[in-house]
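Per-entry structural report
Residue strings, one per chain:
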Amino acid sequence: MRHPFIVVLCLSGAALTAGCAGPDDNVDRAMQTVNAIDENNLSDLMLTAADPREAVAYFQRAVGEQPDRIDLQRGLARSLVRARSNAAAVPAWERVLQMEGATHDDRVNYADALIRNGKWTEAEAALDDIPPTHETFRRYRLEAMVADSNKEWSKADHFYETAIGLTTTPSGTLNNWGYSKLSRGAFADAERLFGEALQYDPDLFTAKNNLVLARGAQRNYQLPILDLTQTERARLLHTMALAAVRQGDVVIGKELLQDAIDTHPQHFEEAVRSLRALERA
């Protein structure tokens, strides 16, 4: 008399088993989630902390296994730029742009890769394809560089100023803007911008060197007040000496070269060669 009840109970149990995941299924799903998190963390690590060549190798393997994943294709393109494989970075970004899910930031990165390869016209076209509503620091920094290459100074100044307003770390862009002013002969403006760059990053030696060039172009041969190592001071004296020679102030140039040689903690071969060349002239 109890058989029908047993059958119903068994059928109910079978339906319950079919409708609910067993413990093994739960574990599999949990492991898949963990693996996805680990993979994302590894990708981020490769793009920030890993050796650039190792990052390229990692993403090349990953793309070979899953070529349809835009995040991996994007990671490969970015890692190629980090590794200074600029020629390979351009087609890598082109592949990203052809995929579903490509963004305006991807096009900005594509323009960056083109600039790194000296393809200014193509970079300008890539930036023109981005709507003006996409306002980011990197976009305007590249716009400024393109305007500089075209000698469109007003546009360059506008884009540099806009880019600086969109970042909390503007030292590199201020240095670029200063170099742009230096190339135009606006030496006082260049000096001011290099000084501003050093306020944000006192260790940026490129800005220190450019600051000395801007002062030398104005026949100001005194080193600015900066926090310098002995080696940096010697190198800046060398830069100042060459600026003096270019201005025709050869005697001052010789004195500055001798100061550079005396200041450097080791043998300063470059300054020694420059001084010998002047003495033979």
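Presented here is an overview of the structure given in this document.

1. A closer look at the packing of helix H7 (residues 120-128) against helix H8 (residues 137-149)
Relative orientation of the contacting elements H7 and H8 amounts to 140°, with a least axis distance of 10 Å. On the basis of their axis angle, the class for H7 and H8 is oblique. In terms of crossing hand, the pair formed by H7 and H8 is left-handed. Listed contacts from H8 to Trp 120, Glu 124 and Leu 127 of H7 are Arg 139, Leu 142, Glu 143, Met 145, Val 146 and Ser 149. Among the residues making up the contact of H7 with H8, the classes are represented as five nonpolar, one polar and three charged.

2. A short note on the pattern of salt bridges
Inspection of the entire model under this criterion finds 17 salt bridges. Of the charged contacts in the structure, one is a salt bridge between Arg 116 and Asp 112, with a shortest N-O distance of 2.6 Å. Taken as a pair, Arg 116 and Asp 112 lie in helix H6 (residues 104-116) at a separation of four residues, close to a single helical turn. The exposure class of Arg 116 is partly exposed, given its relative accessible area of 41%. Arg 141 is the partner of Asp 112 in a salt bridge, and the nearest nitrogen-oxygen pair spans 4.0 Å. Of this pair, Asp 112 sits in helix H6 while Arg 141 sits in helix H8, and the two are 29 residues apart along the sequence. The burial state of Asp 112 is the same as that of Arg 141; both residues are buried. Residues joined in a network through salt bridges with shared partners are Asp 112, Arg 116, Arg 138 and Arg 141.

Calculation rules
Residues numbered from 1 in each chain as written. Predicted model: local features only at pLDDT ≥ 70, side-chain atom pairs only at ≥ 80, totals over all residues. Heavy atoms only, no water. Axes fitted to C-alpha atoms, helices over the stretch in contact; angles between N-to-C directions. Helix = DSSP H or I, 4+ residues; strand = E, 2+ residues; numbered from the N terminus. Parallel < 35°, antiparallel > 145°, perpendicular 65-115°, else oblique. Left-handed = near helix turned anticlockwise from the far one by under 90°. Contact = heavy atoms within 4.5 Å. Nonpolar A, V, L, I, M, F, W, Y, C, P; charged D, E, K, R; others polar. Salt bridge = Lys/Arg side-chain N within 4 Å of Asp/Glu carboxyl O. Buried < 20%, exposed > 50% of the residue type's maximum accessible area, 1.4 Å probe, protein only.

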